[in-house]
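# Topology and contacts: notes
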Amino acid sequence: MTPTPYVSYETAPKTAGHLREWAEAELALAGVPSPGADAAALTAYAYGWDVCEFAKHVRDVAPAAAFGRLADLTRRRGGGEPLQLIIGTAPFVGLSLAVAPGVFIPRPETEGLALWAEESIVDTDAPVIVDLFAGVGPLAIYLARRRADARVVAVEADESAASLLTDNASAYDVRVDVVVGDIRDEGIASRLPAADLVVANPPYVETAVIPTLPVEVREWEPRAALDGGVDGLAFYPVIAALAAKILREGGVVAVEIAESCGEVVSDILSTVGDVEVSRDLAGRDRYVRARKASGI
Ligand SMILES: C[S@@+](CC[C@H](N)C(=O)[O-])C[C@H]1O[C@@H](n2cnc3c(N)ncnc32)[C@H](O)[C@@H]1O
């Protein structure tokens, strides 16, 4: 790849808005998929402002130090480092969650699962919620904030992610009980409460597809957070079996899926109860839920 021709501050334009335009051009040249949005976020970050605050100062003259910082941030982003790891946070339905190298970065499509899961327990008082594969806690923390009457338990195998989850929950002043453990362990059910809702965004990328993912995913996010085995479905039978064990009658298990897997994951979750598939904002099958029938 041809190296990006970074320019010196002397030859660069001099207002904050011009710096953002410069960053956008550099990111576009480096092949970053959303150069405008990323340039806006990085320029605001270089100044220590949020994007709205930045808009107020867009015509101010830019100090050389801000350009130096932006040049460094732009070089990192152009080299494939995810925006969220550069700025240290990822947005999730109005939350701003701390992330760090080595953990999975919450995705916008998971926001739909959060809303659908919340809707599933709208009529349940003091629900018990279990978030499997919890990562840095987007689903657990969103649900804990929305349902002050809930008890929320999150299961995560990776200690760094579990520790960030705890920090994120403290930052939002909500209680989430974190269980560090492997969902496949025989004894995991005995560490979990009887639940009204089980949510899960498991690793679901087919092993063979991982090397073809964009560099910012395949080189910056942990394989264990992505790899769903040969067919991407390895974890769904484990979730179904665990949900069947811990869900109360009438309780719901709601999971995120790859867009082509609506039917097959519905089959797997039908062992728990009646299933439903839902779509993401792009109209692709993205979530499946099952309500536990009596006698299961
Ligand atoms: C796709 S990420 C989802 C994280 C989070 N729920 C979200 O939506 O951002 C899957 C997470 O599951 C964790 N994980 C992978 N295998 C696991 C296992 N066997 N038991 C528990 N957690 C696991 C990974 O460390 C990762 O944080």
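Residues numbered from 1 in each chain as written. Predicted model: local features only at pLDDT ≥ 70, side-chain atom pairs only at ≥ 80, totals over all residues.

## Section: the overall build of the protein chain
Along its length, the protein chain carries 12 helices and 9 strands. Over its C-alpha trace the protein chain gives a radius of gyration of 21 Å, about what one expects of a compact globule, namely 19 Å for 296 residues. Considering only C-alpha atoms, the protein chain reaches an extent of 75 × 40 × 35 Å along its principal axes. Taking all 296 residues of the protein chain together, 41% fall into the buried category. The contacts of the protein chain with a sequence gap of at least 6 include a subset with a gap of at least 24, amounting to 65%. (Helix = DSSP H or I, 4+ residues; strand = E, 2+ residues; numbered from the N terminus. Rg over C-alpha atoms; globule rule 2.2 N^0.38 Å. Buried ≥ 20, exposed ≤ 12 C-beta atoms within 10 Å, placed from the backbone. Contact = placed C-beta atoms within 7 Å.)

## Re the pairing of strand 4 (residues 151-156)
With respect to burial, strand 4 is a largely interior element, 5 of its 6 residues being buried. Here strand 3 (residues 128-132) pairs with strand 4 via 5 bridges, running parallel. Note that in strand 4 the partner of V128 across the bridge is R151. Handedness of the β-α-β unit built from strand 3, helix 7 (residues 138-146) and strand 4 comes out right-handed. (Pairing = 2+ DSSP bridges. Right-handed = clockwise from strand over helix to strand, strands pointing away.)

## Observations regarding the domain arrangement of the protein chain
Interface extent is often summarised as the accessible area lost during association of the parts. As far as domains go, the protein chain holds domain 1 (9-79) and domain 2 (100-292). With centres defined by C-alpha atoms, the gap from domain 1 to domain 2 works out at 35 Å. (Domains from an automatic or database assignment.)

## Focus on the site of the ligand
Taken together, 21 residues form the shell around the ligand, and within it F133, G135, A157, N201 and A225 come nearest. Each residue belonging to the shell around the ligand can be placed in one class, and the counts come to 14 nonpolar, 3 polar and 4 charged. (Near = placed C-beta within 6 Å. Nonpolar A, V, L, I, M, F, W, Y, C, P; charged D, E, K, R; others polar.)

## Details of the packing of helix 1 (residues 16-29) against helix 4 (residues 64-78)
Packing of helix 1 against helix 4 brings their axes to within 10 Å, and their N-to-C directions diverge by 20 degrees. When the interaxial angle is binned, helix 1 and helix 4 end up roughly parallel. For the pair helix 1 and helix 4, the sense of crossing is right-handed. Taken together, the residues of helix 4 that come into contact with helix 1 (itself represented by L19, A23, E26 and L27) are A66, F67, L70, T74, R77 and G78. Partitioned by chemical class, the residues of the contact of helix 1 with helix 4 number 6 nonpolar, 2 polar and 2 charged. (Axes fitted to C-alpha atoms, helices over the stretch in contact; angles between N-to-C directions. Parallel < 35°, antiparallel > 145°, perpendicular 65-115°, else oblique. Left-handed = near helix turned anticlockwise from the far one by under 90°.)

## Some details on helix 6 (residues 110-120)
Inspection of helix 6 places T110, E111, L113, A114, A117, E118 and S120 among the buried residues, and these make up the whole buried set. Where helix 6 is buried, its residues meet strand 1 (89-92), helix 7, strand 6 (195-200), strand 7 (247-256) and strand 9 (285-292).

## Focus: the packing of helix 2 (residues 35-47) against helix 4
Put simply, helix 2 and helix 4 touch, their axes get as near as 9 Å, and they point 140 degrees apart. When the axis of helix 2 is compared with that of helix 4, the two are oblique. Of the two possible hands of crossing, helix 2 and helix 4 adopt the one that is right-handed. Across the interface between the two elements, D38, L42, T43, Y45, A46 and Y47 from helix 2 touch A66, R69, L70, L73, T74 and R77 from helix 4. Looking at side-chain class alone, the contact of helix 2 with helix 4 contains 7 nonpolar, 2 polar and 3 charged residues.

## Considering the sheet that holds strand 8 (residues 273-279)
Strand order in the open sheet made by the 7 strands is 5-4-3-6-7-9-8, with mixed pairing throughout. With one partner strand each, in any of the chains shown, strand 5 (177-180) and strand 8 form the two edges of the open sheet. On average, adjacent strands in this sheet sit at an angle of 15 degrees to one another, irrespective of strand direction. As paired strands, strand 4 and strand 5 are joined by 4 bridges and run parallel to one another. By the bridge assignment for strand 5, V155 is matched with V179.

## Quick notes on the environment of A189
Structurally, A189 can be placed in the loop between strand 5 and strand 6. Owing to 14 C-beta atoms within 10 Å, A189 belongs among the partly exposed residues under this scheme. Along the chain, A189 and A243 lie 54 residues apart, while their C-alpha atoms are 9.0 Å from each other.

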